[in-house]
Amino acid sequence: MQVGQLIIIPLFLLLLGHSMGQLRRTPITRQIKQNKTHANVKAEKIVLAAKYFLVDRQSSQTTQVLANGFNLEYTIRLCIGTPPQCFNLQFDTGSSDLWVPSAKCPSTNEACQKHNKYNSSASSSHVEDGKGFSIQYGSGSLTGFLSTDTVDIDGMVIRNQTFAEAVDEPGSAFVNTIFDGIIGMAFASISGGIATPFDNIIRQGLVKHPVFSVYLRRDGTSQLGGEVIWGGIDRSIYRGCINYVPVSMPTYWQFTANSVKVRDILLCNGCQAIADTGTSLIAVPLRAYKAINKVLNATDAGDGEAFVDCNNLCKLPNVNLNIGGTTYTLTPKDYIYKVQADNNQTLCLSGFSYLQGNLLWILGDIFLGKVYTVFDVGKERIGFAKLKKHSSYSAYASSYVKEPASYGIDYYSYGDDYSRFFT
């Protein structure tokens with residue numbers, strides 16, 4: 001080996017280490033002891049319908065009697081103000097709003113009183129805004145007002161972030177949730193003109209590249225539920241290549257799926273889908289919902305929920321989604337939930353749900369928990385990769401491999417200084 005080569009190798013490793021340093025990582029906490037109930041699912045559907053401006057009649061009618069909160073498990077920790085006031089927030093790629101309970105909520109609002117609350121008077125960096133804020137959930141609204149303050153996500157400090165202080169949370173859907181509020185990670189076009197946290201992260205130079213990636217852990221018993229990786233990609237988490245597809249429109253993380261099949265039945269061909277970390281379900285159009293139920297021999301409860309015989313789970317088929325030319329397989333273990341009914345009976349609920357008026361495939365954690373997902377804001381595209389069997393995200397990989405050009409990762413589009421290595 002020549003002397004010049006000996007010099008190049010340490011320099012390469014130094015540059016690679018510098019590239020790794022550009023990534024910021026936030027752990028996702030997973031609730032592992034949640035007793036899933038039928039009421040959980042109903043509460044979740046209220047919020048899901050609200051996000052997509054749909055009307056879920058059955059859920060709307062039962063908003064006031066729900067007792068168990070959503071059927072959701074994944075949160076990140078975020079702090080607001082000076083000194084910091086910290087919250088557990090649902091990480092939601094299906095919305096664009098950031099909201100937390102307000103210390104100004106009335107003592108009669110149970111959901112607010114059971115969670116961490118933001119006290120603007122205790123923050124020296126708070127800037128009053130005062131504009132009203134509202135999200136319609138079933139038969140009630142989450143209401144409040146806007147404020148501006150410093151937001152800290154694991155040392156990534158966002159200046160002048162506008163968010164909502166919630167003073168009224170409707171019904172009881174939010175009472176027993178593990179999260180205090182929500183951080184929306186979709187595009188600002190659906191945030192009412194307010195810059196999203198990731199918009200400000202990009203503008204303030206807190207990450208080198210306008211990308212975040214997500215891994216949701218579904219297996220095992222660890223409370224570590226995965227990671228959000230800000231500003232890049234971690235090759236140690238996935239195998240093969242990342243397959244990108246363009247965002248159909250920069251609102252939700254919406255894209256075109258080539259097809260969805262179960263056995264030899266084509267459920268969709270070139271359908272519009274959305275990657276939504278804020279739901280555990282897969283919401284599908286009515287025609288696909290009926291077709292899936294027929295194949296699963298499922299009983300439709302009449303409100304967009306279908307149940308199967310728990311004794312026949314081993315006979316159920318896989319569901320195959322083709323996105324960007326790659327097929328991703330969901331097994332019955334992935335898409336069937338065992339939930340408790342009001343009489344404590346165990347039921348097997350299909351994760352494929354229907355909401356009145358929905359024409360999209362809304363892909364929640366059932367799907368996203370099976371893949372590594374790259375949300376590329378700069379290029380308005382989304383990428384998926386298959387997970388390694390034992391993905392490790394607690395430490396960097398011990399070896400680094402230059403990505404072949406055939407993998408289709410267009411780093412040059414961000415400029416010559418964009419890292420061409422997965423870290």
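Residues numbered from 1 in each chain as written. Predicted model: local features only at pLDDT ≥ 70, side-chain atom pairs only at ≥ 80, totals over all residues. Heavy atoms only, no water.

### Digging into empty space enclosed by the protein
- Counted according to the given criterion, the structure contains three cavities of 30 Å³ or more.
- Quantified by volume, the largest cavity comes out at close to 70 Å³.
- Contributing to the lining of the largest cavity are 13 residues, with Ser 96, Asp 97, Leu 98, Thr 162 and Ile 194 lying nearest its centre.
- Top contributing element to the lining of the largest cavity by residue count: strand S7 (residues 156–168), with four residues.
- For the lining of the largest cavity, the per-class residue count stands at eight nonpolar, four polar and one charged.
- Size it by volume and the second largest cavity reaches roughly 50 Å³.
- Lining the second largest cavity are Met 185, Ala 186, Phe 187, Thr 196, Phe 198, Asp 199, Phe 212, Trp 253 and Val 377.
- Looking at side-chain class alone, the lining of the second largest cavity contains seven nonpolar, one polar and one charged residues. (1 Å grid on protein atoms, 1.4 Å probe; cavity = no way out; pocket = protein on both sides within 12 Å on 5 of 7 lines; lining within 4 Å. Points joined across faces, edges and corners; volume = space filled by probe spheres on them. Helix = DSSP H or I, 4+ residues; strand = E, 2+ residues; numbered from the N terminus. Nonpolar A, V, L, I, M, F, W, Y, C, P; charged D, E, K, R; others polar.)

### Looking at the packing of aromatic side chains
- Applying the stated criterion across every chain, the model contains 19 aromatic pairs.
- Geometrically, the ring pair formed by Phe 187 and Trp 253 is tilted, given 4.5 Å between the ring centres and 40° between the ring planes. Pair noted here: Phe 187 is in the loop between strand S8 (181–184) and helix H5 (197–203) and Trp 253 is in strand S12 (residues 253–262), with a separation of 66 residues, a long-range link. Take Phe 187 and Trp 253: they sit in the same class, and that class is buried.
- Among the aromatic residues, those joined into a ring-pair cluster are Phe 91, Phe 187, Phe 198, Phe 212, Trp 230, Trp 253 and Phe 375.
- Between Arg 381 and the ring centre of Tyr 244, over which it is positioned, the NZ or CZ distance is 3.9 Å.
- A cation over an aromatic ring shows up here: Lys 386 above the ring of Tyr 328, its NZ or CZ 5.9 Å from the ring centre. (Phe/Tyr/Trp six-rings, centres within 6.5 Å; stacked < 30°, edge-to-face > 60°. Buried < 20%, exposed > 50% of the residue type's maximum accessible area, 1.4 Å probe, protein only. Lys NZ or Arg CZ within 6 Å of the ring centre and 35° of its normal.)

### Re the nonpolar core
- In this structure, Phe 212, Trp 230, Trp 253, Phe 255, Trp 361 and Phe 367 are the most contacted members of the largest nonpolar core, which totals 80 residues.
- Both domain 1 (25–215) and domain 2 (237–388) contribute no fewer than three residues apiece to this core.
- Judged by nonpolar contacts, the second largest core, of 19 residues, contains Ala 43, Ile 46, Ala 164 and Val 175. (Core = buried A, V, L, I, M, F, W, Y, C linked by side-chain atoms within 4.5 Å. Domains from an automatic or database assignment.)

### Observations regarding the sheet that holds strand S15 (residues 299–300)
- An order of S15-S16-S20-S19 is seen for the four strands of this open sheet, with the pairing classed as antiparallel. Of all strands in the sheet, those with a lone pairing partner are S15 and strand S19 (336–340), marking the two edges.
- Pairing geometry for S19 and strand S20 (residues 346–350), over five bridges, is antiparallel. Paired with Tyr 337 across the bridge in S20 is Leu 349. (Pairing = 2+ DSSP bridges.)

### Some details on unusual backbone geometry
- With an omega of -5°, the peptide bond running from Thr 82 to Pro 83 counts as cis.
- Among the structural elements, Pro 83 can be located in the loop between strand S2 (74–80) and strand S3 (85–92).
- Although it is not a glycine, Arg 263 adopts a positive phi angle of roughly 55°.
- Along the chain, the position of Arg 263 falls in the loop between S12 and strand S13 (265–275).
- Although it is not a glycine, Asn 297 adopts a positive phi angle of roughly 55°.
- Locating Asn 297 in the fold gives a position in the loop between helix H6 (286–296) and S15.

### Quick look at the pattern of salt bridges
- Evaluation of the coordinates by the stated rule reveals seven salt bridges.
- Between Arg 25 and Glu 227 there is a salt bridge, and its shortest N-O distance comes to 3.2 Å. Placement of the pair is Arg 25 in strand S1 (residues 24–30) and Glu 227 in strand S10 (residues 224–230), with a sequence separation of 202 residues. You'll find Arg 25 and Glu 227 in the same group, each marked buried.
- Between Arg 25 and Asp 234 there is a salt bridge, with the nearest N and O atoms lying 2.5 Å from each other. Here the residue Arg 25 occupies a position in strand S1, and Asp 234 occupies one in the loop between S10 and strand S11 (238–250), the gap between them amounting to 209 residues.
- Owing to a relative accessible area of 0%, Asp 234 belongs among the buried residues under this scheme.
- A single salt-bridge network, built from bridges that share partners, covers Arg 25, Glu 227 and Asp 234. (Salt bridge = Lys/Arg side-chain N within 4 Å of Asp/Glu carboxyl O.)

### Thoughts on H6
- The set of residues buried in H6 consists of Ala 288, Tyr 289, Ile 292, Asn 293, Val 295 and Leu 296. Projected down its long axis, H6 carries its buried residues within an arc of 160°, all on one side. Those residues of H6 that are exposed and angled more than 90 degrees off the buried face are Arg 287, Lys 290 and Lys 294.
- Backbone geometry just downstream of H6 places Asn 297 in the positive-phi region, at approximately 55°. (Arc of directions from axis to C-beta.)

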